[in-house]
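Spelled out from the first residue to the last, the chains are:
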Amino acid sequence: MFKKEDVKNKYDLKIKEYNKHNKLYYEDSLPIISDREFDKLKAEILNLEKNYTFLTNIKSPSNSVGFYPSKKFEKFKHKVQMLSLSNAFDTDDLINFEKKILNYLNKKIPLEYSVEPKIDGISASLTYLNGKLAYGVSRGDGKEGELITNNLKTIKDIPHIIKNSTIPKEIEIRGEVFIEKKDFEKLKGKFANPRNAASGTLRQKDSKETGKIPLKFIAYTFGFSSEDKFKKQSDFLKELKSWGFLISEYNKIFKSIDGLVNFHRQFEEKRFDLKYDVDGLVYKINSIQLQKRLGFTSNAPRWAIAHKFSADHAYSEVLNIDIQVGRTGALTPVAKVKPVNIGGVVVSNATLHNEDEILRKDIRIGDTVKIERAGDVIPHVIEVDLRRRKKKLNKFLFPTKCPSCGSKTEKEYNKTTKKFDAVRRCTNEGFTCEKIAIEKIKHFISKDAINIDGLGKKVVEKFWDLNLIKFPQDIYNLNYKKISSLDGWGSQSVSNLKYSIENSKKVALDKFIFSLGIRHIGIENAKIIADFIKNIRNFLNYVKNNKINQFINIDGIGETQIKSLEKFFQNRINIKVVEELIEILNVKDSNLKKNGKLKNQTFMFTGKLQNISRAEAKSLIEENSGSIVSSVNKKLDYLIIGEKPTNSKVEQAKSLGIKIITQKEWSDLLY
Ligand code: IVH
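Residues numbered from 1 in each chain as written. Predicted model: local features only at pLDDT ≥ 70, side-chain atom pairs only at ≥ 80, totals over all residues. Heavy atoms only, no water.

Draft legend 1. Representation of the overall build of the protein. Helices and strands together make up the secondary structure of the protein, namely 23 helices and 24 strands. Expressed as lengths along the three principal axes of its C-alpha atoms, the size of the protein is roughly 95 × 65 × 55 Å. Within the protein, the proportion of its 671 residues that are buried is 49%. Here the analysis covers contacts within the protein between residues at least 6 apart in sequence; of these, 68% occur between residues at least 24 apart. Approximately 35,200 Å² of the protein is accessible, and the part contributed by carbon and sulfur atoms is 50%. Averaging the locations of the 120 positively and 85 negatively charged side chains of the protein gives two centres separated by 1 Å. (Helix = DSSP H or I, 4+ residues; strand = E, 2+ residues; numbered from the N terminus. Buried < 20%, exposed > 50% of the residue type's maximum accessible area, 1.4 Å probe, protein only. Contact = heavy atoms within 4.5 Å. Areas by Shrake-Rupley, 256 points an atom, 1.4 Å probe, with all protein chains shown as cover. Lys, Arg positive; Asp, Glu negative; His and termini not counted. Charge placed at Lys NZ, Arg CZ, Asp CG, Glu CD.)

Draft legend 2. Expanded view of the site of the ligand. Surrounding the ligand, one finds 13 residues, the nearest of these being Glu116, Lys118, Glu176, Tyr220 and Lys284. Measuring from a nitrogen atom of the ligand, one finds a backbone N or O atom of Pro117 at 3.5 Å. Here a nitrogen atom of the ligand and a side-chain polar atom of Lys284 are 2.9 Å apart. Look at the ligand: alone it shows 520 Å² of surface, and the protein chains cover 90% of it. When contributions to the shell around the ligand are tallied by element, the ones reaching two or more residues are β3 (113-119) and β10 (278-285). (Near = heavy atom within 4 Å. Polar contact = N/O pair within 3.5 Å; in protein donor to acceptor, adjacent residues only side chain to side chain.)

Draft legend 3. Expanded view of the pairing of β10. Judged by how many residues are buried, β10 sits mostly within the fold: eight of eight residues are covered. As judged from the seven bridges shared by β3 and β10, these two strands associate in the antiparallel manner. The residue bridging Tyr113 from the neighbouring strand is Ile285, located in β10. With five bridges joining them, β10 and strand β11 (residues 304-308) adopt antiparallel strand pairing. Residue pairing for β11: Val282 is matched across the bridge by Ala306. (Pairing = 2+ DSSP bridges.)

Draft legend 4. Highlighting the packing of helix α17 (residues 523-533) against helix α18 (residues 536-544). It is the contact of α17 with α18, at a shortest axis distance of 9 Å, that shows an interaxial angle of 95°. If you check the angle between α17 and α18, you find them roughly perpendicular. Across the interface between the two elements, Ile529, Phe532 and Ile533 from α17 touch Asn538, Phe539 and Tyr542 from α18. Tallied by class, the residues present in the contact of α17 with α18 amount to five nonpolar, one polar and no charged. (Axes fitted to C-alpha atoms, helices over the stretch in contact; angles between N-to-C directions. Parallel < 35°, antiparallel > 145°, perpendicular 65-115°, else oblique. Nonpolar A, V, L, I, M, F, W, Y, C, P; charged D, E, K, R; others polar.)

Draft legend 5. Representation of unusual backbone geometry within the structure. One non-glycine residue, Asn106, lies in positive phi territory at about 65°. Tracing the sequence through the fold places Asn106 in the loop between α3 (91-105) and β3. Given a relative accessible area of 66%, Asn106 falls into the exposed group. For Asn451, which is not glycine, the phi dihedral falls at a positive 65°. Mapped onto the elements, Asn451 comes out in the loop between α12 (434-445) and α13 (457-465). Judged by relative accessible area, Asn451 falls into the partly exposed class, the value being 27%.

Draft legend 6. Region of interest: the pairing of strand β13 (residues 331-342). Direction of pairing for strand β12 (residues 313-325) relative to β13: antiparallel, over a ladder of seven bridges. What sits directly across from Asn320, in β13, is Lys336. As consecutive antiparallel partners, β12 and β13 are separated by five residues, and within that stretch Gly329 has a phi angle of approximately 85°, a positive value. Between β13 and strand β14 (residues 345-351), which pair antiparallel and follow one another directly, the connecting turn spans two residues, one of which, Gly343, has a positive phi of 55°.

Draft legend 7. Examining the state of the cysteines more closely. Counted under the stated rule, the structure contains zero disulfides. Cys405 takes part in no disulfide bond, and the closest cysteine sulfur to it belongs to Cys433, at a distance of 3.6 Å. In this structure Cys405 comes out as partly exposed when scored by relative accessible area, which is 27%. Note on Cys426: no disulfide assigned, nearest cysteine sulfur contributed by Cys405 at a separation of 3.6 Å. Owing to a relative accessible area of 5%, Cys426 belongs among the buried residues under this scheme. (Disulfide = S-S within 2.5 Å.)

Draft legend 8. Region of the structure containing the pattern of salt bridges. Following the criterion strictly, the structure yields 43 salt bridges and no others. With a closest N to O distance of 2.8 Å, Arg389 and Asp367 form a salt bridge. Of this pair, Arg389 sits in the loop between β16 (380-384) and β17 (409-414) while Asp367 is found in the loop between α11 (355-361) and β15 (368-372), placing the two residues 22 residues apart along the sequence. Exposure remark for Asp367: the relative accessible area of 0% places this residue in the buried category. The salt bridge involving Lys563 is made with Glu559; its shortest N-O contact spans 3.8 Å. Of this pair, Lys563 and Glu559 both sit in helix α19 (residues 559-570), separated by four residues, roughly a single helical turn. (Salt bridge = Lys/Arg side-chain N within 4 Å of Asp/Glu carboxyl O.)

Draft legend 9. Broad picture of the nonpolar core. Of all hydrophobic cores here, the largest spans 58 residues; its most connected members are Phe463, Ile475, Phe512, Ile529, Phe539, Phe551 and Phe569. Those residues in contact with Phe463 that lie beyond four places of it in its chain are Leu455, Leu468, Ile469, Leu478, Ile483, Leu486, Trp489 and Leu497. (Core = buried A, V, L, I, M, F, W, Y, C linked by side-chain atoms within 4.5 Å.)

Draft legend 10. Spatial organisation of the sheet that holds strand β7 (residues 170-179). If you walk across this open sheet you meet the four strands as β5-β4-β7-β8, and the pairing is antiparallel. Where the open sheet ends on each side, the last strands, each with one partner, are β5 (132-138) and β8 (215-225). When strand polarity is set aside, the average angle formed by the axes of neighbouring strands in this sheet is 30°. Pairing geometry for strand β4 (residues 122-129) and β5, over six bridges, is antiparallel. Counted as the bridge partner of Leu129 is Lys132 from β5. Sheet contacts for helix α6 (residues 194-202): β4, β7 and β8; angle to β7, the most-contacted strand, approximately 125°.

Draft legend 11. A look at the sheet that holds β11. Strands sit in the order β2-β11-β10-β3-β9 across an open sheet of five strands; the sheet is mixed. A single partner strand is all that each edge strand has here, and the edge strands are β2 (86-88) and β9 (252-254). The mean inter-strand angle of the sheet, taken between neighbouring strand axes irrespective of direction, is 35°. Contacts between helix α8 (residues 233-242) and the sheet are confined to β3, β9 and β10, with β3 contributing the most and set at about 55° to the helix.

Here it is as structure tokens:
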């Protein structure tokens, strides 16, 4: 049985989270989650309200559309509310939409739809008094928006004066402000997608700032009108054009759901070719008289629906196929595609996994491909749209030489499966292949390895280009004078970098072994090797006396790992790197206690710990034979809470009866 209180807490937490992201999205134009995740959160809240009718919260998304107006601008009350549209995702939703309309009208009449692209920008309202633009307003929460007339006036597509005599004395025109993809390219670093760029630019306090960015405006409907003379939405669109507005060139009329579905399919496949982002199609009952009869539900019209495009896939054209070289020499083909917006994220690269995958799917440069982007997974190519293959496209020839160092590449033969590997690799095991070397250094500094905070992947690439780093040990002998003179490096960031590099010198043996980036020696194998050899001198002893094959006695280490270690140390440069690193670093002996105090016990942290880093705390647990779990579940024995713990984790632990302890109580377990 659920507790009312728990459901309410969960509901309120979700609303708080929702409003945080709503503000980031609408007010700051800097969303930190994808549209899909945002929609999911909203749906979860609405679902809770549906299942538990006692739930109410004034800040729930069911009570508002969009976001309350910003304090930056004067508020302006819309004469006619600016509502949202309901969404349809498949044919069934559309059949249902039409059925509801016919039921409402209580008779079966043929329906005609005006179809328009749903431009992925932000809506704006323009009130014209006697043909003169008097007020320009944002949507805000639908009831009240922000008065941004001057900002809107900087948009060239918005006429300031309309001389045409057919314009009513007072009319409020609505449409979408957006930025074209080519212009977004220039602003790319600053915003996640073109819509955020448009929203951020439009709501600049200083309209001169707005004027610097080429925003566009496409008109599509009206709110208040002093005259009641429009018969059809499609005629109104023509009227808008005659008044000097831009209207979409893709507007159409359809008379059946089949027609709508077909058009939607075709449109979805060519949307990457459009000059601006479109996230679906809007279907509106064409007769304005019928629109009036149908009216509105609480936050959307009954006479219109948005048929959304998929939020996790899209079609685009392969412009090129790049071959990336990874740390272990694996050659990964990546399709460079025409940028396409998938669920709020602009995608221009999609992985093709490996050579076999290209062959199997027969992907060629110039093809139109279906790309999927789900959750945090790297976007990947699903298939080629063969109907759209231009006649003469050459088959893609996978390089047989490493594109970075020119070495021979090979596909390994797997004795167990009796098959060749799908992945082709550069045979250069070392620092003489530039791409492999850079990836090795990136791995060396990563969290589970040496863990140097202030040195990210991008910084490694930059320092590599400037010849500041060519080997991992170079990190400990950096030319700080040169770094201080670089763009973006102030004295604070240089001293932070020095500090985190200095801090990284004391390292556990297993992390050191892992940091070398040897193929097949992941964090777990590094741990068991460290446990076996106990100290770094011993490790070097095994390496130099050709005794690595004795690792076969270690439980968990097999032939694959041994071969890989041997291959790695056959390379003299690798040995030199290890020797030089040992000179600089303080590699701690392994003191993993098999029967430590925390044997068979699992731990998880939440919140900030005092006087100890997370990484160090984890090592302490592992040194004492305990283990760390990454989520609150039945397998967890202790949740250790630091400063500002995550409430949901604590609540979840409570409900599962897990012991919740403070940092002090945890130390008491250890000593
Ligand atoms: S009509 C009451 N037509 O979609 C119906 N909206 O989710 C008002 N949009 O706020 C909207 N293209 O920002 C309409 N051709 C179009 C549109 C369109 C984009 C946006 C608009 C609106 C949102 C509704």
